[in-house]
Amino acid sequence: MSAKASKEETRADGFHHIPGFLSVNEIHALLDAARSICLEAPLLRPRMTIGGKVIDFKLTLTNAGPLGWWSDERGFRYVDRHPVTEMPFPPIPEIILDIGKRALARCELPPMRIENCLINHYAEGESLGQHQDRTEEDLDAPILSLSVGADALFLLGGMDRKNPTRKYLLRSGDLVIQSGPSRRAFHGIKQIYPTIGNPLRDRGRLNFTLRKVTKETL
Ligand SMILES: O=C(O)CCC(=O)C(=O)O
Ligand SMILES: [Mn+2]
């Protein structure tokens, strides 16, 4: 496979891939955090309408923080309650906020108000189509993403869906940041791979996305 595997990459367009950013202890802390968040705010399968047809996403997700990303027949949006329990999402654990601060500093980006931690779960065979993250009010703040579990093939495109894509192999512990112009680039998870040493018992993958949603400053 020709995906960029383990070399650190920082591009002029603000895209960063830092393999092995998380320590083993941090990976386990993230898994523990995800388990407790899922107890309060269970994973759900979002839906979207394409050409009048309602389609299930090929992943499940939940959130922590004052705002949670959600999609159903009514479209993509941020909500302040879990759509099924109707309770506020649990707060973002301190360990995740600390990792977010360290990630920004590592990529020489200024501190940011982290308002949402989206947790995606990809079971074997699941994926996420090419998309731009543009549900946020603030489309300039960087997007941080932490990988835990199975290896994944991440495709990074350009501003147009038709632009060519670059392949990155994201492994457990990797950090990706889309800042600057790359913040608005198309991207997606083409597939996950069976991975030796996967800390997830179900052989899946978790992705923690940390986002600033509103235009509020720190
Ligand atoms: O799973 C990933 O690495 C990317 C997730 C993502 O792009 C999203 O949830 O918007
Ligand atoms: Mn995205």
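What comes next concerns the included structure. What you see is a predicted model; the values in this text were computed from it and never measured.

The rules behind these values
- Residues numbered from 1 in each chain as written.
- Chains lettered and ligands numbered in written order.
- Predicted model: local features only at pLDDT ≥ 70, side-chain atom pairs only at ≥ 80, totals over all residues.
- Helix = DSSP H or I, 4+ residues; strand = E, 2+ residues; numbered from the N terminus.
- Buried ≥ 20, exposed ≤ 12 C-beta atoms within 10 Å, placed from the backbone.
- Near = placed C-beta within 6 Å.
- Nonpolar A, V, L, I, M, F, W, Y, C, P; charged D, E, K, R; others polar.
- Core = buried A, V, L, I, M, F, W, Y, C linked by C-beta atoms within 7 Å.
- Contact = placed C-beta atoms within 7 Å.
- Pairing = 2+ DSSP bridges.
- Expected span 1.5 Å × (residues − 1).
- Arc of directions from axis to C-beta.

**So, unusual backbone geometry**
Working step 1: Backbone geometry places Glu-108, a non-glycine residue, at a positive phi of 55°.
Working step 2: Relative to the helices and strands, Glu-108 resides in the loop between helix H2 (94–106) and strand S8 (116–122).
Working step 3: Unlike most non-glycine residues, Arg-203 shows phi in positive territory, near 70°.
Working step 4: The residue Arg-203 is located in the loop between strand S14 (187–193) and strand S15 (205–211) in this model.
Working step 5: On the basis of neighbour count, Arg-203 is assigned to the partly exposed category, with 14 C-beta atoms found within 10 Å.

**Some thoughts on the site of ligand 1**
Working step 1: Looking at ligand 1, the residues that line it are Leu-118, Asn-120, Leu-128, Asp-133, Ser-145, Phe-154, Leu-170, His-187, Ile-189, Asn-207 and Thr-209.
Working step 2: For the shell around ligand 1, the elements supplying multiple residues, two or more each, are S8, S14 and S15.
Working step 3: Residues that form the shell around ligand 1 fall into these classes: five nonpolar, five polar and one charged.

**Details of the nonpolar core**
Working step 1: Core analysis: the largest hydrophobic core is formed by 46 residues, its most contacted members being Cys-117, Ile-119, Leu-146, Phe-154 and Phe-208.
Working step 2: Cys-117 has contacts with Asn-63, Ala-64, Gly-65, Ile-92, Ile-96, Phe-208 and Leu-210, leaving out every residue within four places of it along the chain.

**Thoughts on the environment of Arg-134**
Working step 1: By the element assignment, Arg-134 lies in the loop between strand S9 (128–131) and strand S10 (143–149).
Working step 2: With 58 residues separating them along the chain, Arg-134 and Phe-76 place their C-alpha atoms 9.2 Å apart.

**So, the pairing of strand S4 (residues 53–56)**
Working step 1: Here strand S3 (residues 47–50) pairs with S4 via four bridges, running antiparallel. Looking at S4, one finds that Ile-50 is bridged to Lys-53.
Working step 2: Two successive antiparallel strands, S3 and S4, enclose a turn made up of two residues, where Gly-51 displays a positive phi of approximately 55°.

**Digging into the pairing of S10**
Working step 1: Most of S10 is tucked away: seven of the seven residues are buried.
Working step 2: Direction of pairing for S10 relative to strand S13 (residues 175–178): antiparallel, over a ladder of four bridges. When the bridges of S13 are listed, Leu-146 appears paired with Leu-175.

**Examining helix H1 (residues 24–40)**
Working step 1: In this model, H1 (17 residues) spans 25 Å end to end at C-alpha, consistent with the 24 Å of a helix rising 1.5 Å per residue.
Working step 2: Of all the residues in H1, the buried ones are Leu-30, Ala-33, Ala-34 and Ile-37. Buried residues of H1, seen end-on, are gathered within an arc of 105° and therefore sit on one face of the element. Residues of H1 that are exposed and angled more than 90 degrees away from the buried face: Val-24, Asn-25, Asp-32, Arg-35, Ser-36 and Leu-39.
Working step 3: Buried-residue contacts for H1 involve strand S5 (60–64), H2, S8, S10 and S15.

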